[in-house]
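So the chains spell out like this:
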Amino acid sequence: MRAVLMAGGSGTRLRPLTCDLPKPMVPILNRPIAEHIVNLLKRHGITEIIATLHYLPDVLRDYFLDGSEFGVQMTYAVEEDQPLGTAGCVKNVAELLDQTFLVISGDSITDIDLTAAIQFHKEKRAKATLVLASVPDPLDFGVVITDEQQRVRRFLEKPSSSEIFSDTVNTGTYILEPDVLDYLPANQASDFSKDLFPLLLAKGMPIYGYVASGYWCDVGHLDAYREAQYAALQRRVQLQIPYEEQAPQLWIGSSTTIDPTACIKAPAVIGNNCRIGPRAHIEAGTILGDNVIVGADADLKRPIVWNGVTIGEEVHLRACVAARGVRIDRRAHVLEGAIVGSLSVVGEEALVNPDVRVWPSKRIEPGAILNTNLIWGHAAHRNLFGQRGVSGLANVDITPEFAVRLGAAYGSTLPPGSHVTVSRDQRSISRMVSRSLIAGLMSVGINIQDLEATAIPLARAVVPTLKVAGGIHVRVHPDRSDHILIEFFDHKGINLSKAHEKKVEGAYFKEDFRRAQLPEIGNVVRLHQATELYSEGFERHLKLDAIRHSKSKVVIDYAYAVSGAVLPQILAKFGCDAVVLNASLIQNVPSAADREVLLSQLGHVVEALKANFGVQVSANGELLILVDETGSPIRGEMLTALMTHMVLTDRPRGTVVVPVNASSAVEAIARRHGGQVIRTKANPTALMEACSTNANVVLGGSGEMGFIFPYFHPGFDAMYCIAKLIEMLTVQELDAGGGPPRTLGQIRAELPRVCHKTITVRCPWTVKGALMRHLVEIHPSENLELVDGVKILNQQHDSWILVLPDAGEPLVHLCADSQDRDWVEETLREYRAFVQDFVNREQGLQEVSMEME
C-alpha cells in the first residue's frame with residue numbers, strides 16, 4: 001500500500017517557528033514531525049510514500065532525499081503556483097495511486113493503529129474510511145457522527161459551539177479507493193471534508209468512520225506544539241526517541257558531556273554533542289536538541305530548545321521555545337510561552353516576557369525588556385555551494401571568520417576523529433583562508449593532513465592513497481582573479497555530492513556545529529611526501545620507456561602557478577627534458593589577458609625552437625591549452641576532439657565521458673575507434689562521478705573544463721595529460737615504424753569538421769524555469785534530450801541546439817552544433833530572438849502581477 005503524506009502546510013499559527021521551516025519539519029523530540037509520521041507508516045508496513053509539498057518544499061525534500069536512509073521510498077509532488085487543498089493535492093498525484101491508499105497529515109503527532117484501520121476499511125468494503133479520534137474540545141476540528149455500523153452519516157468542518165453534535169473528530173487520516181478521486185476536478189483546489197466527502201455521502205457511497213484508540217494531536221498552534229512535546233516526553237504517545245535511555249526517562253545522545261555538578265531531573269531529553277556546564281539545573285520536562293551548550297549555573301524549567309542553541313551562564317528559561325541557532329547570553333531570562341525564532345540573539349540580562357514572540361534573525365540588546373512581539377525582517381541566505389565549490393570575493397565574502405565557520409560546518413558532517421587533507425595554491429590569501437578552515441575543522445575534532453601549497457590534481461590524487469575522509473583545496477578562482485574558490489573532495493577525491501553539500505550548508509546556516517572537548521581537538525600533520533605519492537601514480541599508469549626514449553621537444557608554460565613546482569620534478573625523474581617557461585611562483589595572479597600574452601609568447605618559442613608542441617598550464621594544474629608546431633593554439637572543442645582521438649587511438653573501444661555541450665565530433669571520432677560516448681551535465685562534479693561509476697572510461701572532460709584519466713585519479717589533471725600526450729605521440733611514432741613523428745597540426749587536420757558555436761543571452765533567474773518548461777512543451781519529446789538544459793535535435797540535418805541555463809549567473813547559453821555552418825548561424829539567430837522575446841513577455845506579466853497585488 002502507498003501513503004500520501006500531506007506536507008505542504010505553512011503553519012501560520014506556529015509563527016515564528018515556521019518562518020523558515022514548513023510545519024511538518026518542526027521538531028518533536030529533536031526530530032521533524034514528518035519523520036515521526038514516516039516512522040509510523042514504516043511500523044505498519046507502508047514504505048512507499050508520496051509527499052505533497054507547497055511551502056518551502058526543498059526543506060523536507062533535502063532532509064528525506066529518496067527516503068532510503070529512513071527505510072522508505074519517498075516521491076515528491078510540489079504544488080508550484082497555489083495550494084490545491086487537502087483533496088486537490090492528492091488528485092494531483094492520482095496517476096501514482098492505482099490501488100487502495102492511505103492519506104495522512106504531515107503535521108500531527110499520533111501512534112494510532114494504522115493496520116487495524118486498514119483492516120476495518122477492507123472488511124467494510126468502504127470507498128472511504130475516515131480515521132477518527134475523540135477529543136475533549138472539538139471546536140477546531142471536523143466533527144463526524146456515525147451510525148451503529150460506523151457508517152458516516154453526518155459531519156461538519158470546524159463547528160461553532162452551538163453546532164457541536166459529537167466529540168469524535170476527523171484526524172486527517174483517510175483510507176481511500178483510487179476511484180473516489182474521479183469525483184474531483186483536476187488542477188483545482190478542493191478539500192476532503194468540504195468537497196469530496198459531502199459529495200460521496202450525497203451519492204450514497206459507503207463511507208465509514210474508524211474510531212482509533214491511541215494518541216493524536218494536531219500540531220496546529222503553539223500550545224498544541226508544547227503539549228505534543230510533553231506528551232511524547234512522558235510517553236503518552238509512542239514515538240521513537242533517537243537517543244539512549246541512560247536512566248529511567250532520561251535520554252542522552254552520543255558525545256554529550258555533563259558536568260558532575262549539574263542537576264538533571266527526569267523526564268528529559270538531551271541531544272548529541274551537547275555540553276552541560278557546572279551547576280546547571282535542568283528540570284523535568286526539558287528538551288535539548290543536538291549541539292546545545294548550557295553554561296554554568298543556567299536554570300532550565302521545561303524549555304524546548306532546538307539544535308545548535310547556546311545558553312549562557314546564569315540564564316533562566318521557563319517553558320519557552322528557542323529555535324535553531326539561537327544564542328541566549330549571560331543572565332538573560334526567557335519566560336513562559338515565549339518563542340525565540342531561529343538565529344536570533346538575546347543579549348546579556350535581557351528579559352523576554354511571557355508569550356512574546358521573536359521572529360528569526362533578530363537581536364535583543366543587552367538589558368532590554370521585551371513586552372511585545374519583535375516581528376521578523378527578511379534574512380536571506382544564499383546557497384554556499386555553486387557549481388565548483390564555495391566561492392566569493394577574496395577577504396570580503398571569503399573572510400577568516402567565514403572560513404572558520406565553513407570548516408566547522410564541513411567537519412561537523414564527518415565522524416569525530418576523521419582525517420582530511422587541506423591544500424592550497426601559493427597565494428597569501430589562500431594560505432590565510434586554509435589556516436582558518438583548519439582552525440574550524442580542528443574545533444569540531446577533525447585531524448588535518450596539511451599538503452600546504454600544491455597543485456589541485458596532486459591534492460585529489462593522494463586522497464584515496466592516504467585513506468582520509470575527504471579533502472579541501474583553496475585557490476584563487478581560475479576565472480575570476482579577485483575571487484577565492486574552496487573545493488571539497490570526498491574520500492575518492494571527487495567533489496562532494498549534492499546531498500553532502502546540503503548537509504554542510506545546513507550545518508553552516510543553522511550554526512549546528514559539533515564542539516570538541518579539549519582532548520578531542522584535532523591535530524595538524526604536515527605531509528611532505530605528497531609529490532612522491534603522486535609521482536608513483538605516474539609510474540604505475542604511464543609507459544615510462546616511451547617517455548624516456550621520446551624525441552619530442554616540449555615547451556611548457558606554467559603561468560607562474562604552483563604546478564611549476566611539481567611537474568618539472570616528475571618529468572625530470574622520468575628523463576623527459578622539457579623547456580620550462582614562467583615556473584617561478586608569484587603572488588599576483590595573471591589575468592585572462594595576461595595569459596593570452598603568455599600564450600602568444602609560448603607560440604613564438606615553440607616555433608623558434610622547432611619544438612613538437614607547447615603547453616600552457618592553468619587553473620592550478622587542471623587546465624591546459626596546446627600549441628602545435630606552428631605556434632597555433634589548440635583549445636576548446638578542437639582540444640576535446642584531439643584528446644579524444646589520441647586516447648582512443650591508444651585505447652580503442654574505450655568509453656569517453658564529455659559534457660552535454662561538447663561537439664558532436666566526439667561521437668564521430670569514437671565511431672572510428674569502436675568507442676562509446678557518455679554525455680553528462682555540464683558541471684565538473686557530474687563529469688567526475690560519471691568517470692568514476694561507468695566501466696572502461698579512458699578519458700573524461702573537455703577542453704573547457706580539463707581532462708580526467710579515471711584509472712589514475714578522478715580529478716582534472718593537466719600535468720598527467722602532458723605526460724600522457726608525450727607517451728602517446730612516442731608510441732604512435734614507434735608503431736608507424738620509426739618514421740617522422742606525426743605533428744599535432746597533422747592530427748588536427750584529420751579531425752572531423754563540425755561547426756560548433758555558443759552564444760550567451762541574458763535571462764533573469766525568475767524566468768529560467770518557465771523558459772525551460774516552455775521549450776519542452778513546444779517541441780516533440782522524441783526530438784528532446786534533457787540531460788542538462790534542453791537539447792533540441794534536428795534529425796534532418798543531424799544537428800542540435802542546446803539551451804543551457806547558467807548555474808551561477810542570470811544567463812542562458814545557446815550552443816548549436818552541425819556540419820552545416822549556415823544552419824548553425826541561422827538557428828542561433830532564431831533561438832536568441834526566441835529567448836529574448838520570451839524573457840520580455842514573462843517580465844511584463846510579472847510586472848502586471850505586482851501592480852495588481
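Cut-offs and rules
- Residues numbered from 1 in each chain as written.
- Predicted model: local features only at pLDDT ≥ 70, side-chain atom pairs only at ≥ 80, totals over all residues.
- Heavy atoms only, no water.
- Helix = DSSP H or I, 4+ residues; strand = E, 2+ residues; numbered from the N terminus.
- Rg over C-alpha atoms; globule rule 2.2 N^0.38 Å.
- Buried < 20%, exposed > 50% of the residue type's maximum accessible area, 1.4 Å probe, protein only.
- Contact = heavy atoms within 4.5 Å.
- Areas by Shrake-Rupley, 256 points an atom, 1.4 Å probe, with all protein chains shown as cover.
- Lys, Arg positive; Asp, Glu negative; His and termini not counted.
- Charge placed at Lys NZ, Arg CZ, Asp CG, Glu CD.
- Phe/Tyr/Trp six-rings, centres within 6.5 Å; stacked < 30°, edge-to-face > 60°.
- Lys NZ or Arg CZ within 6 Å of the ring centre and 35° of its normal.
- Pairing = 2+ DSSP bridges.
- Salt bridge = Lys/Arg side-chain N within 4 Å of Asp/Glu carboxyl O.
- Expected span 1.5 Å × (residues − 1).
- Arc of directions from axis to C-beta.
- Axes fitted to C-alpha atoms, helices over the stretch in contact; angles between N-to-C directions.
- Parallel < 35°, antiparallel > 145°, perpendicular 65-115°, else oblique.
- Right-handed = clockwise from strand over helix to strand, strands pointing away.

Points about the overall build of the protein chain
Of regular secondary structure, the protein chain possesses 21 helices and 56 strands. Over its C-alpha trace the protein chain gives a radius of gyration of 32 Å, about what one expects of a compact globule, namely 29 Å for 853 residues. Among the 853 residues that make up the protein chain, the fraction classed as buried is 56%. Partitioning the intrachain contacts of the protein chain with sequence separation of at least 6 by distance along the chain shows that 59% fall at a separation of at least 24. Accessible area for the protein chain stands at about 35,100 Å²; split by element, carbon and sulfur atoms hold 48% of it. Charge-centre separation for the protein chain: the mean point of 82 positive side chains lies 2 Å from the mean point of 100 negative side chains.

A word on the packing of aromatic side chains
Scanning the model with the defined rule gives 23 aromatic pairs in all. Relative to Phe 838, the ring of Phe 834 lies with its centre 6.5 Å away and its plane at 20°, an arrangement referred to as stacked. Of this pair, Phe 834 and Phe 838 both sit in helix 21 (residues 821-852), four residues apart, roughly one helical turn. Through a chain of ring-to-ring contacts, the aromatic side chains of Tyr 534, Phe 538, Phe 574, Phe 709, Tyr 711, Phe 712 and Tyr 720 assemble into a single cluster. The ring of Tyr 711 has Arg 651 sitting right over it, with the charged end atom 4.2 Å from the ring centre.

Description of the sheet that holds strand 26 (residues 316-318)
Working definition: the strands of a sheet are paired by backbone hydrogen bonds and lie parallel or antiparallel to each other. The seven strands lie next to each other as 17-20-23-26-29-32-35, forming an open sheet whose pairing is parallel. The sheet is open, and its two borders are formed by strand 17 (263-264) and strand 35 (369-370), each paired with just one other strand. The pairing of strand 26 with strand 29 (residues 333-334) spans two bridges and is classified as parallel. Each residue of the ladder has a partner; that of Leu 317, found in strand 29, is Val 334.

Side note on the pattern of salt bridges
A complete count under the given rule lists 39 salt bridges for this structure. We note a salt bridge from Glu 313 to Arg 330, for which the minimum N-O separation is 4.0 Å. Placement of Glu 313 in the loop between strand 25 (310-311) and strand 26 and of Arg 330 in the loop between strand 28 (327-328) and strand 29 is noted, with a sequence separation of 17 residues between them. Between Glu 727 and Lys 724 there is a salt bridge, and its shortest N-O distance comes to 2.9 Å. Linking Glu 727 with Lys 724, this pair stays in helix 18 (residues 718-735), spanning three residues, or about one helical turn. Taken as a pair, Glu 727 and Lys 724 share a single burial class, namely buried. A network of salt bridges, in which partner residues are shared, links Arg 388, Arg 460, Arg 475, Asp 479, Glu 487 and Glu 622.

Observations regarding helix 11 (residues 530-541)
A rise of 1.5 Å per residue sets the reference length of helix 11, with its 12 residues, at 16 Å; its end C-alpha atoms lie 17 Å apart and thus fit the reference within 8%. Every buried residue of helix 11 is listed here: Ala 530, Tyr 534, Ser 535, Gly 537 and Phe 538. The buried residues of helix 11 occupy an angular sector of 150° when the element is viewed end-on, so they sit on one face.

Let's talk about the sheet that holds strand 46 (residues 623-627)
Across the sheet, which stays open at both edges, the five strands sit in the order 44-43-45-46-47 with mixed pairing between neighbours. Single-partner strands in this sheet number two, and they are strand 44 (579-581) and strand 47 (633-634). Examined bridge by bridge, strand 46 and strand 47 share two bridges and lie antiparallel to one another. Of the residues in strand 47, the one forming a bridge with Val 627 is Pro 633. Running at roughly 160° to strand 45 (residues 613-618), helix 14 (residues 592-609) makes contact with strand 43 (554-557), strand 44, strand 45, strand 46 and strand 47 of the sheet.

Some remarks on the packing of helix 9 (residues 456-466) against helix 11
The angle between the axes and the distance between the axes are what describe a pair of packed helices. Interaxial distance between helix 9 and helix 11 falls to 9 Å at its minimum, and their mutual angle equals 85°. Relative to helix 11, the element helix 9 is oriented roughly perpendicular. Of the residues in helix 11, those in contact with Pro 457, Leu 458, Ala 461, Val 462, Thr 465 and Leu 466 of helix 9 are Ala 530, Thr 531, Leu 533 and Tyr 534.

A few points about the environment of Gln 240
Relative to the helices and strands, Gln 240 resides in the loop between helix 6 (222-233) and strand 14 (244-247). Each C-alpha atom, one on Gln 240 and one on Leu 65, is 20 Å from the other, the two residues being 175 residues apart in sequence. Setting aside anything within four residues of it in sequence, one finds Gln 240 in contact with His 36, Asn 39 and Arg 43.

Some remarks on unusual backbone geometry
Here the amide bond leading from Arg 15 into Pro 16 is cis, since omega sits at 10°, within 30 degrees of zero. Checked against the element boundaries, Pro 16 lands in the loop between strand 1 (2-6) and strand 2 (27-28). With an omega dihedral of 0°, the bond running from Ala 266 to Pro 267 counts as a cis peptide bond. On the secondary structure map, Pro 267 appears in the loop between strand 17 and strand 18 (268-270). With a phi angle near 45°, Leu 56 is a residue other than glycine that sits in the positive phi range. Here Leu 56 shows up in the loop between strand 4 (48-53) and helix 2 (57-64). Among the residues examined, Leu 56 registers a relative accessible area of 32% and is labelled partly exposed.

With respect to the environment of Val 803
Relative to the elements of secondary structure, Val 803 occurs in strand 55 (residues 799-805). Remark: the alpha-carbon pair of Val 803 and Thr 640, spanning 163 residues in sequence, is separated by 21 Å. In contact with Val 803, other than residues within four places in its own chain, are Met 772, Leu 775, Gly 789, Val 790, Ile 792, His 813, Leu 814 and Tyr 831.

Describing the pairing of strand 43
Residues Val 554 and Ile 556 point to one face of strand 43 and Val 555 and Asp 557 to the other, with burial holding for every one of them. Here four bridges tie strand 43 to strand 45, and the two strands are oriented parallel to one another. The residue of strand 45 that forms the bridge with Ile 556 is Val 615. For strand 43 and strand 44, the ladder comprises three bridges, and the chain directions are parallel. Of the residues in strand 44, the one forming a bridge with Val 555 is Val 579. Taken together, strand 43, helix 13 (residues 567-573) and strand 44 form a β-α-β motif whose crossover is right-handed.

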